[in-house]
Amino acid sequence: MRTISNEEFEKAYKNIENIKIIKTATGHFINSLKCDYSIIDYEILKSWGQYALWKALCYYDINRIKKSKFTSFLFKITQQICWKEYNKIKPKNKMLRLENLGDIYCYNKDNNL
């Protein structure tokens, strides 16, 4: 792991290719979070992307990873971080409202009442 200066991070964060990669990787989670009835701010996804960029800059080594471009590495790291953070905040039990009964039933992971 190498240390990254603020200038190096800012330069990488202003790179259009890096921004497109981060938006593509985090875009999946916008739709997923809407389906899970979670309220998540765009700023949280942006912070996940910034953290992923910092981590990718720290851990990417051209000599060690010969088959991977930086953008591919950034996409993979961004998805890993998003999944990790998403699993921390997603609801444990999904709620299902049955219109006719007016009751709310909680289902666990095994779909048992």
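Residues take numbers from 1 onward in each chain, read along the sequence in its written order. Local features in this predicted model are restricted to residues whose pLDDT is 70 or higher, and side-chain atom pairs enter the listing and the counts only when it is 80 or higher, whereas totals over whole chains, interfaces and linings include all residues. Think of the side-chain values as coming from all heavy atoms in the structure, minus any hydrogens and water.

(A) Focus on the packing of helix α1 (residues 6-14) against helix α3 (residues 42-59). In this analysis, axes come from line fits to C-alpha atoms, helices being fitted only over the stretch in contact, and the angle between any two N-to-C directions falls in the range 0 to 180 degrees. The way it works is that DSSP assigns letters per residue, a run of H or I at least four long becomes a helix, a run of E at least two long becomes a strand, and they are numbered from the N terminus. As a packed pair, α1 and α3 sit with axes 10 Å apart at the nearest point and diverge in direction by 120 degrees. Between α1 and α3, the angle is such that the two are oblique. When you trace α1 past α3, the crossing you get is right-handed. On α3, the residues that touch Glu8, Phe9, Ala12 and Tyr13 of α1 are Lys46, Gln50, Leu53, Trp54 and Leu57. Polar here means any residue outside two lists: the nonpolar Ala, Val, Leu, Ile, Met, Phe, Trp, Tyr, Cys and Pro, and the charged Asp, Glu, Lys and Arg; Gly therefore counts as polar. Per-class residue counts for the contact of α1 with α3 are 6 nonpolar, 1 polar and 2 charged. Roughly parallel means an angle under 35 degrees; roughly antiparallel means over 145; roughly perpendicular covers 65 to 115; every other angle is labelled oblique. In a left-handed crossing the near helix is turned counterclockwise from the far helix by less than a right angle, and in a right-handed crossing that turn is clockwise. Pairs of residues are marked as contacts when any of their non-hydrogen atoms sit within 4.5 Å.

(B) Region of the structure containing the packing of aromatic side chains. The rule is short: rings of Phe, Tyr and Trp, with Trp giving its six-membered ring, pair when the centres are within 6.5 Å, and they are stacked under 30 degrees, edge-to-face over 60, tilted in between. By the definition in use, this model includes 5 aromatic pairs. On the numbers, 5.3 Å between centres and 80 degrees between planes, the contact of Tyr60 with Phe70 is edge-to-face. With Tyr60 in the loop between α3 and α4 (70-89) and Phe70 in helix α4, this pair connects stretches of sequence that are 10 residues apart. Between the aromatic rings of Tyr60 and Phe73, the centroid separation amounts to 5.5 Å while the plane-to-plane angle is 45 degrees, which identifies the pairing as tilted. Here the residue Tyr60 occupies a position in the loop between α3 and α4, and Phe73 occupies one in helix α4, the gap between them amounting to 13 residues. Using a relative accessible area of 12% as the deciding quantity, one classes Phe73 as buried. An aromatic cluster is present here, built from Tyr60, Phe70 and Phe73 joined pairwise through their rings. Accessibility here uses a 1.4 Å probe with only protein chains present; expressed as a share of the type maximum, an area under 20% marks a residue as buried, one over 50% as exposed, and anything in between as partly exposed.

(C) Looking closely at the environment of Asp61. Position of Asp61 relative to the elements: it lies in the loop between α3 and α4. With relative accessibility at 34%, the residue Asp61 sits in the partly exposed group. Taking C-alpha positions, Asp61 is 8.7 Å from Met1, a pair spaced 60 residues apart along the chain.

(D) Broad picture of α3. When the terminal C-alpha atoms of α3 are compared, their 26 Å separation across 18 residues agrees well with the 26 Å that a helix rising 1.5 Å per residue should span. Regarding α3, the residues found buried are Leu45, Trp48, Gly49, Ala52, Leu53, Ala56, Leu57 and Cys58. One fewer than the residue count of a helix, multiplied by 1.5 Å, yields its expected span.

(E) Focus on the pattern of salt bridges. Should a side-chain nitrogen of Lys or Arg be within 4 Å of a carboxyl oxygen of Asp or Glu, the pair is scored as a salt bridge. If you walk through the whole model with that rule in mind, you get 2 salt bridges. The closest approach of N and O atoms between Glu8 and Arg2, which form a salt bridge, is 3.0 Å. The partly exposed category is assigned to Glu8, whose relative accessible area is 28%. Here Lys88 ties to Glu85 by a salt bridge, and the two come within 3.4 Å at their closest N and O atoms. Taken as a pair, Lys88 and Glu85 lie in helix α4 at a separation of 3 residues, close to a single helical turn. Classification of Glu85 by relative accessible area gives partly exposed; the value is 22%.

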